[in-house]
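Residue strings, one per chain:
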Amino acid sequence: MSEQQQGCELDQDQFCCPICLDILKEPVTLHCGHSYCSSCIEGYWDHEDTGVYCCPQCRESFSPKPVLRKNTLLAELVMKLSSTAAQQSPAASAAPLYAGPADVACDFCTGARRRKALMSCLTCLASYCETHLQPHYNVPVLKKHKLVPATDKLQEKMCSSHNKLMEVFCRTDQQSICYLCTMDEHKGHDTVSAAAEKAEKQKQLVTSQEEVQQKIQEKKKELKDLRQILEALNTATAALLRQQEQTLDQLERRHAELEELSNTEDIITFIQSFQSLSSSTGSPVSPSVVVCPLRSFTDVTDVMSGLRDQLDNLLTTTWPQISNRVCAVDDPAEPQTRKDFLQYSCPLSLDINTISRNLSLSEEKRKVTVTPPQQPYPDNAERFVYGQVLCTEGLSERRYWEVEGRPVRGAAIAVCYKDMNRRAWFGSNDKSWSLRCNSNDYRFSHNSVVTEVSGPVSSRVGVYLDHKAGTLSFYSVSDTMTLLHTVQTTFTQPLYPGLRPWAYGDTVELCKTW
């Protein structure tokens, strides 16, 4: 990349709108000196709808609403910047591939938006875009580093005790460890390299695959034989049915003739007709039916007998065990008391990568406070523009957690999908569900539909999620638990708990119930 191209790229970052993160369009400048797209700042103020108009960056407030005028100087600079970029080579002017919410961002890119990472280095513990990855291909020392496809789970590959790559496997404790672990808590244990353990387990995997494949072939053959048996039985049954229907027709005709004769009053006619019927063939007899040779029928009988025994064993022994396990695992009793709910508590922590800059995070990562100064959090595609934060943990089972706070203007307790728009409020789209707790009432919102909720006001609210059943419930927690609102739907992704305090100085905290 040339110096001219680098300078142009830097200029583009400087002329990005802090709200939409794109090049400024019809730029306007507030009295505080910060500039925005005209439509972006208007949309921001329309969404706030509080009567007080403030700058999203420095939070300086203006009253009445400022009259927005186009910044002509800034507009001309943006136009020249766009013209310069258009004159560069196609490769230089091509739009960079920026990281989206579901992508891994480059750790070395700067500016409002970072590029999508292609590879992650297990030695550097960092992810790189195409440009910043080049030294790993060119520098001799970096060529020896281990590169893998870009992943946001590098930390999961690190030892929590020594912050080293877990490249050793302890067979004694059956867990992955780093080489420093072999010198202290795992000293003297049976350890091998992670690669050696993988090779050993790969052999076991191949053996298991072969066994499963053999069972698949056996079952296919059994199924084929069973289908042939059923086809033969169906054919034999159909033939026998037709023959029995024919015999029934003959018997009914003979019965009708005899009935007619019994009603004949003329003596001579009766005697003559009786002699005629007596001389004809007697009652029809059902013809014998040969379904298949004796040996084949014996084979069928033996197979069906074996299948019957297997089915009896399945119904009397195996099925009750399976049914009991399924009932115990998949259909536990619904919780009734707070003690019942607490058994589904799980550790939760707030994700600093998602918290907006007007919120401060406590050291234990469970409490957030609205602060007047903007926090110096680094640029991140996961970060919310407005005052919201998500938990690190995504929930897809039965889970329960509690939130504590006495905010001045209220607080939102929410869940959402991870790919929720970072410029949207909780409850304003179809990917988030939010309960706003005010000083004297509650309001539930989803997809911008607001529902008034009644119930006892408490500083503590409990949230119960049954992801599989599609149930999300909010409870007022005091001496007793009172159901406030329940949502019944179908969740298609893991849900991430979220918090949003409303006014300066307000604090909301995840209660430690686990």
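No experiment lies behind these values; they were computed from the predicted model shown.

It is worth spelling out the overall build of the chain at this point. When its secondary structure is counted, the chain shows 10 helices and 23 strands. Looking at the chain as a whole, 33% of its 514 residues are labelled buried. Within the chain, residue pairs in contact and separated by at least 24 positions form 53% of the contacts whose partners lie at least 6 positions apart. Put simply, the chain shows about 31,400 Å² of open surface, and 52% of that area lies on carbon and sulfur atoms.

Here the focus is a nonpolar patch on the surface. The grouping of I267, I268, F270, I271 and F274 at the surface amounts to a nonpolar patch, some 510 Å² of accessible area in total. Along the chain, the position of F270 falls in helix α8 (residues 267-279).

Right, let's get into the sheet that holds strand β5 (residues 119-121). Hydrogen bonding along the main chain pairs the strands of a sheet, whether they run parallel or antiparallel. The strand order β6-β5-β7 describes an open sheet built from 3 strands, whose pairing is antiparallel. Every other strand in the sheet has two partners, leaving β6 (126-128) and β7 (147-149) as the edge strands with one partner each. Strand-to-strand twist across the sheet, computed as the mean angle between neighbouring axes with direction ignored, equals 35°. Where β5 and β6 come together, 3 bridges link them in antiparallel fashion. Within the sheet, the bridge partner assigned to S120 lies in β6 and is S127. Relative to the sheet, helix α5 (residues 130-138) contacts β5, β6 and β7, its axis offset from that of β6 by approximately 110°.

Scanning all chains against the criterion turns up 18 salt bridges. Across the pair K219 and E222 runs a salt bridge, and its minimum N-O distance is 3.4 Å. In this pair, K219 and E222 both sit in helix α7 (residues 194-262), 3 residues apart, roughly one turn of the helix. E222 sits in the partly exposed class, given a relative accessible area of 44%. When the shortest N-O distance is used, the salt bridge between R460 and E402 registers 3.0 Å. Of the two residues, R460 sits in strand β19 (residues 460-466) while E402 sits in strand β14 (residues 398-404), which places them 58 residues apart along the sequence. Three or more residues are tied together by salt bridges with common partners; here these are R338, E402, E404 and R460.

This part covers the packing of aromatic side chains. Tallying each qualifying case throughout the model produces 11 aromatic pairs. Taking the centre distance of 6.2 Å and the plane angle of 55° together, the rings of Y344 and Y464 count as tilted. Here the residue Y344 occupies a position in the loop between α10 (338-342) and β11 (359-361), and Y464 occupies one in strand β19, the gap between them amounting to 120 residues. On the basis of relative accessible area, Y464 is assigned to the buried category, the value being 2%. Ring pairs connect the aromatic residues F341, Y344, Y400, Y464 and Y475, which therefore count as one cluster. When the ring centre of F384 is taken as reference, the NZ or CZ atom of R422 above it lies at 4.8 Å.

For the rest of this paragraph, the subject is the state of the cysteines. Across all of its chains, the model carries 0 disulfides by this definition. No disulfide involves C37; its sulfur sits 3.9 Å from the nearest other cysteine sulfur, which is in C17.

With that settled, the discussion passes to the environment of C55. Inspection of the secondary structure assignment puts C55 in the loop between β3 (53-54) and β4 (61-62). Each C-alpha atom, one on C55 and one on S35, is 9.4 Å from the other, the two residues being 20 residues apart in sequence. When near neighbours in sequence (up to four residues on either side) are disregarded, C55 contacts L30, C32, H34, Y36, E60 and F62.

With antiparallel pairing, 7 strands are arranged side by side in an open sheet as β11-β12-β23-β14-β19-β20-β21. Taken across any chain shown, the strands that pair with only one partner, and hence form the sheet edges, are β11 and β21 (481-488). Taking each pair of neighbouring strands and ignoring which way they run, the sheet shows an average axis angle of 20°.

Per-residue confidence for the chain gives a mean pLDDT of 83; residues scoring 70 or more make up 82%. When pLDDT is averaged over each helix and strand of the chain, the minimum, 46, is found for helix α4 (residues 90-93) and the maximum, 97, for strand β13 (residues 389-390). Low pLDDT, under 50, characterises residues 89-94; the predicted model gives this stretch 4 contacts beyond four residues in sequence or across chains.

The pairing of β11 with strand β12 (residues 367-370) spans 3 bridges and is classified as antiparallel. Among the inter-strand pairings, L361 is bridged to a residue of β12, identified as V368. Hairpin connection between β11 and β12: a loop of 5 residues separates the two successive antiparallel strands, and K365 in this loop has a positive phi of roughly 60°. Pairing of β12 with strand β23 (residues 507-510), which is carried by 3 bridges, proceeds in the antiparallel orientation. Opposite K367, over in β23, you have E509 as the bridge partner.

To continue, consider α7. Taking 1.5 Å per residue, 69 residues should reach 102 Å; α7 reaches 98 Å between its end C-alpha atoms and fits that length. Of the residues making up α7, those classed as buried are E197, I229, A236, T247, R254 and L261.

In this structure, W401, W433, L435, L472, L499 and L510 are the most contacted members of the largest nonpolar core, which totals 35 residues. Among residues more than four places away in sequence, those in contact with W433 are I413, A414, V415, Y417, F444, S445, H446, L472, V487, F491 and L495. With 20 residues, the next largest nonpolar core counts C40, I41, C55 and F62 among its residues.

Below, the discussion takes up unusual backbone geometry. Residue E26 is not a glycine yet carries a positive backbone phi of 50°. With respect to the helices and strands, the residue E26 is situated in the loop between α1 (3-14) and β1 (27-29). In the Ramachandran plot, L125 falls in the positive-phi region, its phi being about 55° despite a non-glycine side chain. By secondary structure assignment, the location of L125 is in the loop between β5 and β6.

So, about the pairing of β21. Here strand β20 (residues 471-477) pairs with β21 via 7 bridges, running antiparallel. Looking at the pairing, L472 lines up with V487 of β21. Between the end of β20 and the start of β21, which pair antiparallel, lie 3 residues.

Definitions and cut-offs
- Residue numbers restart at each chain and count upward from 1, following the sequence in its written direction.
- In keeping with the model being predicted, local features are shown solely for residues with a pLDDT of at least 70 and side-chain atom pairs are shown and tallied solely at 80 or more, while totals for entire chains, interfaces and linings include all residues.
- Each side-chain value is derived from all of the structure's non-hydrogen atoms; neither hydrogens nor water enter the calculation.
- Numbering goes from the N terminus for both helices and strands, where a helix is a DSSP run of H or I of at least four residues and a strand is a run of E of at least two.
- Per-residue accessibility, obtained with a 1.4 Å probe over protein chains only, is compared with the maximum for each type, and a residue is labelled buried under 20%, exposed over 50%, and partly exposed between these values.
- Whether two residues touch is decided by their heavy atoms; if any such pair falls within 4.5 Å, the residues are in contact.
- Each accessible area is a Shrake-Rupley result for a 1.4 Å probe, and residues are judged covered by the shown protein chains and nothing else.
- Residues forming no salt bridge and having over 30% relative accessible area are the ones grouped into patches, like charges within 9 Å of each other and nonpolar side chains (Val, Leu, Ile, Met, Phe, Trp, Tyr) within 5 Å.
- Salt bridge criterion: a side-chain nitrogen from Lys or Arg within 4 Å of a carboxyl oxygen from Asp or Glu.
- At least two bridges found by DSSP between two strands is the condition for calling them paired.
- All axes are obtained by fitting lines to C-alpha atoms, using only the stretch in contact for helices, and the reported angles, taken between N-to-C directions, cover 0 to 180 degrees.
- Stacked, edge-to-face and tilted labels apply to pairs of Phe, Tyr and Trp rings (six-membered ring for Trp) whose centres lie within 6.5 Å, assigned for plane angles under 30 degrees, over 60, and everything in between, in that order.
- Cation placement over rings: the criterion is NZ of Lys or CZ of Arg within 6 Å of the ring centroid and within 35° of the ring normal.
- The disulfide definition used here is simple: a pair of cysteine sulfur atoms within 2.5 Å.
- By definition, pLDDT measures how confident the predictor is in each residue, and it falls between 0 and 100.
- What a helix is expected to span follows from its residue count: subtract one and scale by 1.5 Å.
- Throughout, nonpolar core names a set of buried Ala, Val, Leu, Ile, Met, Phe, Trp, Tyr and Cys residues whose side chains join them through atoms within 4.5 Å.

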